[in-house]
Amino acid sequence: MLRSIKGLKDILPQQTPQWRYMETIAHTLATQSGFSEIRIPIFEFTELYARSIGGSTDIVEKEMYTFPDRDGSSLTLRPEGTAGVVRAVLEHHLLDSPSTRKLYYLGPMFRHERPQAGRYRQFHQFGVEALGTEDPLMDVEVITLLWRFFCSLGLKDLTLQINSIGNLQDREKYIQELKRFLFPKLEVICGNCQRRYSTNPLRILDCKVPICQQATQEAPTLFDHLSLDSSSHFQSVLDGLTGIGIPFSLNYRLVRGLDYYSRTTFEITSPHLGAQSTIGAGGRYDGLVELLQGPSTPAIGFAVGLERVALLLPEQISFPQPPLFFLAGFGKEARPIAFKLLHELRELGIRADTDYKSTNLKSLLRSADKLGATYSIIMGDDEARSKTAIIRNMTTKTQELITLEEIAQKVQSLN
RNA sequence: GUGGGUGUAGCUCAGUUGGUUAGAGCGCCGGAUUGUGGAUCCGGAGGUCGCGGGUUCGAAACCCGUCACUCACCCCA
């Protein structure tokens, strides 16, 4: 049997209501907060991601779906949304406006990772980007939107963790100091962290191995190394969150994996998932626009992993639906008449269906039941000859004989 | 890339120290009810036991390999 590709999932009819639900709330809340939707291509030149995400990150080094185009140029399936949005914003001059540019997107992303709970090779993100201001109130607005998104979905027990990783200079100075601190402990920490010491020392701070946690207990914190600018900005963000009543917990060890992040970083986690507990995360990326050859433009955004959110949603989500009328036409003469009526009802905007596999009344009614019909319109050859039909209420089991002329009106009155 | 767990009907799973025809529940189809659904009862269809090799008189079971799924590491949303 042909199977789907590893790490790719079909979203089956049973689950699509969940997705519609998430998408509807995302559209509604983002729009309400003044964000406009942007739809960008699903693949770009590889260079865009290599430059923005960072050449030495795992994403770029080993997780991208990269392939040559027919002319030889290197293309990559988007592993995240921010880079593409910034590219589009620059290409279409969307920053030439006095106000902040606020955009949101929804769609699939691709990373070649080993699949596990809450982690897929094609996954979907809802993300927002606010470009053009470094006002801490924008940080608060973005974080609040993320928080409200989850609250509107009815998610429980969430934690918002927040930190400031400072600007590039802050971070470079700090990394020097951290390495100096860790150097004498290199023998003690786990093999992974020994490797991280040279590749990504910040990651050692959130290693889960107990020895490493112990070793870094007394480590200098990035927080203490923030420039005056960064730390007062961060304080304003925290004040803003407190003012609005969004609960947060400071996590001086919170680090982001993509190179473009700076200053405010945040992450929302749920205790009800497995190892992949982060359902939404983001932060400032004040240097990215410039890095992509745009004007110096501070910005902030977040991304939500929708598959992970779906895991937290009730399995059954149903939207209110208008009553369903089932056309139960059987017999040579009745079937074409019933089929025509089906079409006419649909034209009137009525939710109507039938089942061509069922040819006798018994199986037709069984189908009606399975489809959840509110009413069945029964029409056999007897009714066809007398130009009538029977309307059966499927819950009360009461039925009524009615002429074909009256039927449309009758159905509309029941709709 | 590394490690653990699991592969038996469409789905969820039993299957005794290796023993003859591999089971159940749900679902599906049919009948009881010749033109009236859901419940009940009865019947039926549906299986390369993941795949390949080995051990054995005999393998779904034991051994080796392989593939798939899954969880975790790593990384991240």
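Residues numbered from 1 in each chain as written. Chains lettered and ligands numbered in written order. Predicted model: local features only at pLDDT ≥ 70, side-chain atom pairs only at ≥ 80, totals over all residues. Heavy atoms only, no water.

This part takes up the sheet that holds strand S12 (residues 325–329). Neighbouring strands of a sheet are bound in pairs by backbone hydrogen bonds; such pairs are parallel or else antiparallel. Read from one edge of the open sheet, five strands run S13-S12-S14-S15-S16, paired in mixed fashion. Both edges of this open sheet fall to strand S13 (352–353) and strand S16 (399–403), since each of them pairs with a single strand only. On the sheet, helix H13 (residues 361–370) packs against S12, strand S14 (375–379) and strand S15 (388–393) and is oriented at approximately 165 degrees with respect to S12. Sitting on the sheet, helix H15 (residues 404–414) is in contact with S12, S14, S15 and S16, with an inclination near 130 degrees to S16. (Pairing = 2+ DSSP bridges. Helix = DSSP H or I, 4+ residues; strand = E, 2+ residues; numbered from the N terminus. Contact = heavy atoms within 4.5 Å. Axes fitted to C-alpha atoms, helices over the stretch in contact; angles between N-to-C directions.)

With that out of the way, let us pick up the packing of aromatic side chains. What the rule picks out here adds up to eleven aromatic pairs. Residues phenylalanine 126 and phenylalanine 302 carry aromatic rings whose centres are separated by 5.7 Å and whose planes lie at 80 degrees to one another, so their mutual orientation is edge-to-face. Of the two residues, phenylalanine 126 sits in strand S6 (residues 122–131) while phenylalanine 302 sits in strand S11 (residues 299–305), which places them 176 residues apart along the sequence. Take phenylalanine 126 and phenylalanine 302: they sit in the same class, and that class is buried. With 5.1 Å between their ring centres and 15 degrees between their planes, phenylalanine 325 and tyrosine 375 make a pair best called stacked. You can see phenylalanine 325 sitting in strand S12 and its partner tyrosine 375 sitting in strand S14, a full 50 residues away along the chain. Each member of the aromatic cluster is reached from another via a ring pair, and the members are Tyr104, Phe126, Phe149, Phe150 and Phe302. One cation-aromatic arrangement involves lysine 102 over phenylalanine 35; the distance from NZ or CZ to the ring centre is 5.0 Å. (Phe/Tyr/Trp six-rings, centres within 6.5 Å; stacked < 30°, edge-to-face > 60°. Buried < 20%, exposed > 50% of the residue type's maximum accessible area, 1.4 Å probe, protein only. Lys NZ or Arg CZ within 6 Å of the ring centre and 35° of its normal.)

Counting 47 residues, the largest nonpolar core has Val86 and Leu131 as the members making the most contacts within it. Apart from the residues lying within four places of it in its own chain, the contact partners of valine 86 are Leu131, Tyr285, Leu288, Val289 and Leu292. Counting residues in each nonpolar core, the second largest holds 42 residues, with Leu145, Leu146, Ile300 and Leu313 among its members. (Core = buried A, V, L, I, M, F, W, Y, C linked by side-chain atoms within 4.5 Å.)

Bringing the environment of methionine 64 into the picture now. Checked against the element boundaries, methionine 64 lands in the loop between helix H3 (58–63) and strand S3 (66–68). The buried category is assigned to methionine 64, whose relative accessible area is 13%. Between the C-alpha atom of methionine 64 and that of histidine 92, which follows or precedes it by 28 residues, the distance is 26 Å. Non-local contacts of methionine 64, meaning those with residues more than four positions away in its chain, are made with Thr46, Tyr49, Ile59, Thr76 and Pro79.

What follows covers the domain arrangement of chain A. Per the domain assignment, the segments of chain A are domain 1 (16–167 + 227–312) and domain 2 (325–414). Each of domain 1 and domain 2 has a C-alpha centre, and the two are 51 Å apart. (Domains from an automatic or database assignment.)

Let us now look at the side chain of glutamate 267. The residue glutamate 267 is located in strand S9 (residues 262–269) in this model. A residue is classified by how much of its surface remains accessible, and glutamate 267, at 12% relative accessible area, is buried. Within the structure, the side chain of glutamate 267 is placed 2.9 Å from the side chain of threonine 278, a separation counted as a polar contact. Discounting chain neighbours no more than four positions away, the residues touching glutamate 267 are Thr159, Leu160, Gln161, Leu254, Arg256, Thr278, Gly280 and Ala281. (Polar contact = N/O pair within 3.5 Å; in protein donor to acceptor, adjacent residues only side chain to side chain.)

Along the chain, asparagine 360 falls in the loop between S13 and H13. Take asparagine 360: its relative accessible area is 39%, and that puts it in the partly exposed class. Sequence separation of asparagine 360 and alanine 328 is 32 residues, and the distance between their C-alpha atoms is 8.6 Å. Separated by 2.8 Å, the side chain of asparagine 360 and the backbone nitrogen of serine 363 make a polar contact.

Right, let's talk about the protein's contact with RNA strand B for a bit. Near RNA strand B you find 47 residues, and of these Arg111, Arg119, Arg196, Arg203 and Met394 are the closest. Considering the 4 Å shell around the protein, atoms of RNA strand B inside it are sugar or phosphate in 49% of instances. Measuring from a sugar or linking oxygen of RNA strand B, one finds a backbone N or O atom of isoleucine 279 at 3.1 Å. Glutamine 399 places a polar side-chain atom, nitrogen or oxygen, 3.1 Å from a base oxygen of RNA strand B. Among the secondary structure elements, those contributing two or more residues to the surface near RNA strand B are H3, S6, helix H7 (191–199), strand S10 (278–284), S11, H13, helix H14 (381–385) and S15. Top element by residues in the surface near RNA strand B is H13. It accounts for six residues. For the surface near RNA strand B, the class distribution of residues is 14 nonpolar, eleven polar and 22 charged. (Near = heavy atom within 4 Å. Nonpolar A, V, L, I, M, F, W, Y, C, P; charged D, E, K, R; others polar.)

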